[in-house]
Amino acid sequence: MDVYHKVLVKLYEVTGGKDSQTVDFKDLVKNEGFLGNYSDIFDMLSSQGWIADTTKPNYVSITHWGVSEAKKSVIGAPDPAIAIQKDIDRLVNQSKGFVNVIEEFAADNSAKKFSEIEKTLEDLKTTISKLKNTVH
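Okay, so let's go over this structure. (Residues numbered from 1 in each chain as written. Predicted model: local features only at pLDDT ≥ 70, side-chain atom pairs only at ≥ 80, totals over all residues. Heavy atoms only, no water.)

### Digging into the sheet that holds strand S2 (residues 51-53)
So the rule is basically this: A pair of strands is labelled paired if DSSP reports no fewer than 2 bridges between them. Note on conventions: DSSP H or I runs of at least 4 residues are helices, E runs of at least 2 residues are strands, and numbering of each starts at the N terminus. Orientation is described by axes fitted as lines to C-alpha atoms, over the contacting stretch for helices, and by angles from 0 to 180 degrees between their N-to-C directions. Throughout, a residue-residue contact means that at least one pair of heavy atoms, one from each residue, lies within 4.5 Å.
Here we have 3 strands laid out as an open sheet, ordered S1-S3-S2, and antiparallel in their pairing. The open sheet terminates on both sides in strands that have one partner only, identified here as strand S1 (22-24) and S2. With strand direction ignored, the average angle separating the axes of adjacent strands in the sheet is 40°. Set on the sheet, helix H1 (residues 3-15) makes contact with S1, S2 and strand S3 (59-62); between it and S3 the angle comes to about 85°.

Right, dumping it as structure tokens:
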């Protein structure tokens, strides 16, 4: 999730998704650790129609478009545990497939079967590399 969506989701949480609630946006951005980017964040969210200015300086309200976008962002954010488990399941299935391809090669040691071994091994390496980057 990018910075803009993180701030938008935080605004959504703080307002409870109510467009009648106003929030000190500068303070919210500061508390999220992005004060140096306040102007860019404000401009982006405002230009997208996700926030609306109020008469009070630095105070904004979330718009119904902002609520909709925040909900999409929250729903679209994958649960890291689920993503890791999917990669683990993929690795298990690919490993079983790798054994099958080797057994097929034992029965028919043609160049075509050997290239299937190489391709399956590359797929395994890719999945392992992806897991390595997510498991620390």
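Resuming the write-up.
### Considering unusual backbone geometry
Going by this rule: Relative accessibility decides the category of a residue: with a 1.4 Å probe and only protein chains considered, values under 20% of the type maximum give buried, values over 50% give exposed, and everything between is partly exposed.
A positive phi angle, near 70°, is found at Asn58, a position not held by glycine. Residue placement: Asn58 occurs in the loop between S2 and S3. Under the relative-accessibility criterion, Asn58 is labelled partly exposed at 35%.

### A look at helix H6 (residues 111-134)
Because the α-helix completes a turn every 3.6 residues, residues three or four places apart line up on one side. Let me state the cut-off plainly: How far a helix is expected to stretch is found by multiplying one less than its residue total by 1.5 Å.
For H6, with 24 residues, the first-to-last C-alpha span of 35 Å sits near the 34 Å given by 1.5 Å per residue. Listing the buried residues of H6 in full gives Lys113, Ile117, Thr120, Leu124, Thr127 and Leu131.

### Some words on the pattern of salt bridges
Put simply, the rule is: What makes a salt bridge here is a side-chain nitrogen of Lys or Arg within 4 Å of a carboxyl oxygen of Asp or Glu, nothing more.
By the definition in use, this model includes 8 salt bridges. In this structure, Glu69 engages Lys72 in a salt bridge whose closest nitrogen and oxygen atoms are separated by 3.5 Å. In this pair, Glu69 and Lys72 both sit in helix H4 (residues 64-76), 3 residues apart, roughly one turn of the helix. By relative accessible area, Lys72 is classed as exposed at 54%. One salt bridge connects Asp87 with Arg90, and the closest N-O pair in it is separated by 2.6 Å. Note that Asp87 and Arg90 are positioned in helix H5 (residues 80-107) at a spacing of 3 residues, about one turn of the helix. A relative accessible area of 5% places Asp87 in the buried class.

### Section: the packing of H1 against helix H3 (residues 38-47)
Formally: When an angle is under 35 degrees it counts as roughly parallel; over 145 it counts as roughly antiparallel; between 65 and 115 it counts as roughly perpendicular; any other value is oblique.
Relative orientation of the contacting elements H1 and H3 amounts to 75°, with a least axis distance of 10 Å. By the angle between their directions, the pair H1 and H3 is classed as roughly perpendicular. Contacts from Val3, Tyr4, Val7 and Leu8 in H1 reach Asp40, Ile41, Met44 and Leu45 in H3.

### Some remarks on the nonpolar core
Selection rule: Throughout this description, the term nonpolar core refers to a set of buried Ala, Val, Leu, Ile, Met, Phe, Trp, Tyr and Cys residues connected via side-chain atoms within 4.5 Å.
Core analysis: the largest hydrophobic core is formed by 19 residues, its most contacted members being Val7, Leu11, Phe25, Val29, Ile41, Leu45 and Ile51. Residue assignment for this core shows that the elements contributing at least two residues are H1, helix H2 (25-31), H3, S3 and H4. Once residues lying within four places of it in the same chain are set aside, the contact partners of Leu11 are Val23, Phe25, Leu28, Ile51, Val60 and Ile62.

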